Amino acid sequence: MLRSLITYTLSLGRTAFFVGVLTLLTSAQSLTVTYSKKNFMDKYSPSSIILLAELFKLGFSVFAFVSEKKEKAGMSAEQSDLEERGVGRSKPEPSVLVRLLTPTTFWYAPPALFYFVMNSLTFYCLAYVDPATYVVFMNLKIISTGVLFRVFLQRPLSGIQWASLCVMTIGAAVSQLPTDGSTSFSINFTGLVLMTAQVTLSGVSATYLEWIVKREFKESINFQNMKMYIFGCLLSVVTMFGFDRSGFDIFAGHSRVSVLIILILAFQGLVTSWVMKYSDSIVKVYAAAVAMFLTSAASSFLFGTQLSNQFYLGAMNCSVALYLHSAKAPAAPAPATKPEPPPPVTNKADD
């Protein structure tokens, strides 16, 4: 599986590093939360974690964008010298406030709302279905992302790539099957509706985020993140102070480990937006799937979790899926060309 992952990431070119980082961050998030609960018994509010992560992402994006502006200011000084000599003239760039007040800023509200609803649906789904059913069913988001990737973004997927998505879905689901001999799943109509909505929303959020950051491709990714995380902070504040009954102190119950969780969650979001802009949502799906197996393997080493046969079978399926997705289709044979007729033979006597 590692060889397939390396082959796949190398085929992505400049995004390979960030895909690997996204996989590691996704895995590290689950591991640090588990470690925090087992060893420190932190009593922090989950809403405070999300709020602090959103604030960090917004602050980081502002800092990166200001750094970009300073770099461009130095280049503008050189451009001004050229303009004085009559070499060329460029239109002045509008202020940041003017750019934030444009209607396109509100395009970045839906991704924040999508992720807010998805996080809320998780708790409602687990109230109607058992955890095993939830984990297995949620792997269908791989298929939903592929369908929306093709329909909404009008991006083609080859037959081999569709097959790889199906193999990845089956492998991820098989790896999460219970090992105690009970293979029955508990789900009712309400749970089915909620989980279907969450699976669909997962694909919608991924494809919409890719569409919005690529629609304004010439715009700075840091400025795009600023607009998105402004809405994320607003929704997090509403959740923290409107629905969370744990109190209004966002720093209560935190430790060094919880701070690490906040940083991991923040950089995971930042890297995700980069991958969406310079790669695609299918890459994010594969990174999340690989992270699931990486987390299980690391949990076995760190916490003594036993790996089942289903895990190894699922890992083999996902390895095959990665290979299929990264494999290039064979080149079509060149069309046969008819041989050119020989030049006519001329009779010297006629000349």
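Summarised in this report is the structure supplied together with it. (Residues numbered from 1 in each chain as written. Predicted model: local features only at pLDDT ≥ 70, side-chain atom pairs only at ≥ 80, totals over all residues. Heavy atoms only, no water.)

Scanning the protein from N- to C-terminus turns up 13 helices and 0 strands. Listing each helix as α and each strand as β along the protein from the N terminus yields α-α-α-α-α-α-α-α-α-α-α-α-α. Counted over contacts in the protein with a minimum sequence separation of 6, partners at least 24 positions apart contribute 86%. (Helix = DSSP H or I, 4+ residues; strand = E, 2+ residues; numbered from the N terminus. Contact = heavy atoms within 4.5 Å.)

Let us look at helix 8 (residues 159-175). With 17 residues, helix 8 extends 24 Å between its outermost C-alpha atoms, agreeing within 8% with the 24 Å of an ideal straight helix rising 1.5 Å per residue. Taken together, the buried positions of helix 8 are Gln161, Ser164, Leu165, Met168, Thr169, Gly171, Ala172, Ala173, Val174 and Ser175. (Expected span 1.5 Å × (residues − 1). Buried < 20%, exposed > 50% of the residue type's maximum accessible area, 1.4 Å probe, protein only.)

This part is about the environment of tryptophan 274. Inspection of the secondary structure puts tryptophan 274 in helix 11 (residues 256-278). When its relative accessible area of 19% is taken as the criterion, tryptophan 274 is described as buried. The sequence separation of tryptophan 274 and glutamate 210 amounts to 64 residues, and the corresponding C-alpha distance is 9.5 Å.

A word on the pattern of salt bridges. By the definition in use, this model includes 4 salt bridges. With a closest N to O distance of 2.9 Å, lysine 57 and glutamate 54 form a salt bridge. Of the two residues, lysine 57 and glutamate 54 both sit in helix 3 (residues 46-84), 3 residues apart, roughly one turn of that helix. For the pair lysine 57 and glutamate 54, a shared accessibility class is recorded, and that class is buried. (Salt bridge = Lys/Arg side-chain N within 4 Å of Asp/Glu carboxyl O.)

A word on the side chain of asparagine 222. With respect to the secondary-structure elements, asparagine 222 resides in helix 10 (residues 221-243). The class of asparagine 222 is buried, set by a relative accessible area of 14%. Only 2.8 Å separates the side chain of asparagine 222 from the side chain of glutamate 68, close enough to count as a polar contact. Among residues more than four places away in sequence, those in contact with asparagine 222 are Ser61, Ala64, Phe65 and Glu68. (Polar contact = N/O pair within 3.5 Å; in protein donor to acceptor, adjacent residues only side chain to side chain.)

Turning to the environment of serine 47, a few remarks are in order. Along the chain, serine 47 turns up in helix 3. Put simply, serine 47 and isoleucine 250 are 203 residues apart on the chain and 8.3 Å apart in space, counted from C-alpha to C-alpha.

Glancing now at the packing of aromatic side chains. The full count for this structure, using the stated rule, is 11 aromatic pairs. For the pair phenylalanine 56 and phenylalanine 60, a centre-to-centre distance of 6.4 Å together with 25 degrees between the ring planes defines the contact as stacked. With a gap of 4 residues between them, phenylalanine 56 and phenylalanine 60 both fall in helix 3, about one helical turn apart. Judged by centre distance (5.6 Å) and plane angle (75 degrees), the ring pair of phenylalanine 60 and phenylalanine 267 falls under edge-to-face. Of the two residues, phenylalanine 60 is situated in helix 3 and phenylalanine 267 in helix 11; the sequence distance between them amounts to 207 residues. Classification of phenylalanine 60 as partly exposed rests on a relative accessible area of 34%. (Phe/Tyr/Trp six-rings, centres within 6.5 Å; stacked < 30°, edge-to-face > 60°.)

By themselves, these figures tell us nothing about what the structure is for.
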